Amino acid sequence: MGRALGSTSIAAASALSVAALALSLLFAASRGSAQQASHPQIAKSAVPDNPSPHPAPEQPIPYSHKQHLAFGLECKNCHVNPEPGKLMTFPDIDKCMQCHVTIAKDKPSIQKLTEYAKSKQPIPWVRVYTVLPGVAWTHRAHLEAGVKCETCHGQVREMATMSEVTSVTTMYSCLSCHEMNHAKTACDTCHKN
């Protein structure tokens, strides 16, 4: 009996230690969030980097954001946010051809672009960031709240090949960002029936 009581006591003490550790971590995390929330400019750039590398998907045409943005283009020049604002669109092929009817038209990738334009078929771009099923999410609400593209997608301006560099599509990142920016965190904010 003493032996059983001893194991129970050890198990209870162990459980209390784990609970104490969890509470101290939770306290430390909430204190860090409160400190970051007092500096909104810091909080708005607090989407963490992806903990594991996500290779860039193979695209039908190689495209360098770095090269194109160096010419002075902005995100909104090519990506629009139509109703209801869930996904940003890929640029219309006519927009690409406004420049590429004369620029770099001898390059194989631009010749392929021209073929898509002539056939009047959209380029089958592969989306890099995808929101998980069951999440009712829009770009519009975030853009209207002043969130910058770089906050969630990283330094696209420096990317020769677009890849998933932040963990913005995880529930943890969403909740952390909402908490730091005093946005709603109730389940039905993002998960609708």
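Residues numbered from 1 in each chain as written. Predicted model: local features only at pLDDT ≥ 70, side-chain atom pairs only at ≥ 80, totals over all residues. Heavy atoms only, no water.

1. Some points on helix 6 (residues 108–119)
Alright, step 1. The end-to-end C-alpha distance of helix 6 is 17 Å, a good match for the 16 Å that 12 residues give at a rise of 1.5 Å each.
Alright, step 2. Along helix 6, the residues classified as buried are Ile-110, Leu-113, Tyr-116 and Ala-117. Looking straight down helix 6, one finds its buried side chains confined to an arc of 110 degrees; they lie on one side. Those residues of helix 6 that are exposed and aimed more than 90 degrees away from the buried face are Pro-108, Glu-115 and Lys-118.
Alright, step 3. Next to the buried residues of helix 6 lie helix 5 (93–100).
Alright, step 4. Once helix 6 ends, the next one or two residues include Lys-120, with phi positive near 60 degrees. (Helix = DSSP H or I, 4+ residues; strand = E, 2+ residues; numbered from the N terminus. Expected span 1.5 Å × (residues − 1). Buried < 20%, exposed > 50% of the residue type's maximum accessible area, 1.4 Å probe, protein only. Arc of directions from axis to C-beta. Contact = heavy atoms within 4.5 Å.)

2. Some details on helix 9 (residues 171–180)
One turn of the α-helix equals 3.6 residues, which is why residues spaced by three or four share an orientation.
Alright, step 1. What helix 9 keeps buried is the set Ser-173, Ser-176, Cys-177, His-178 and Met-180.
Alright, step 2. His-182 sits one or two residues past helix 9 and shows a positive phi near 55 degrees.

3. Quick word on the pattern of salt bridges
Alright, step 1. Under the counting rule described, the total for this entry stands at two salt bridges.
Alright, step 2. Notably, a salt bridge pairs Arg-157 with Glu-74, separated by 3.5 Å at the nearest N-O pair. Placement of Arg-157 in the loop between helix 8 (149–153) and helix 9 and of Glu-74 in the loop between helix 3 (65–69) and helix 4 (75–78) is noted, with a sequence separation of 83 residues between them.
Alright, step 3. Measuring nitrogen to oxygen at the nearest pair gives 3.7 Å for the salt bridge that ties Arg-140 to Glu-83. Here the residue Arg-140 occupies a position in helix 7 (residues 139–144), and Glu-83 occupies one in the loop between helix 4 and helix 5, the gap between them amounting to 57 residues. (Salt bridge = Lys/Arg side-chain N within 4 Å of Asp/Glu carboxyl O.)

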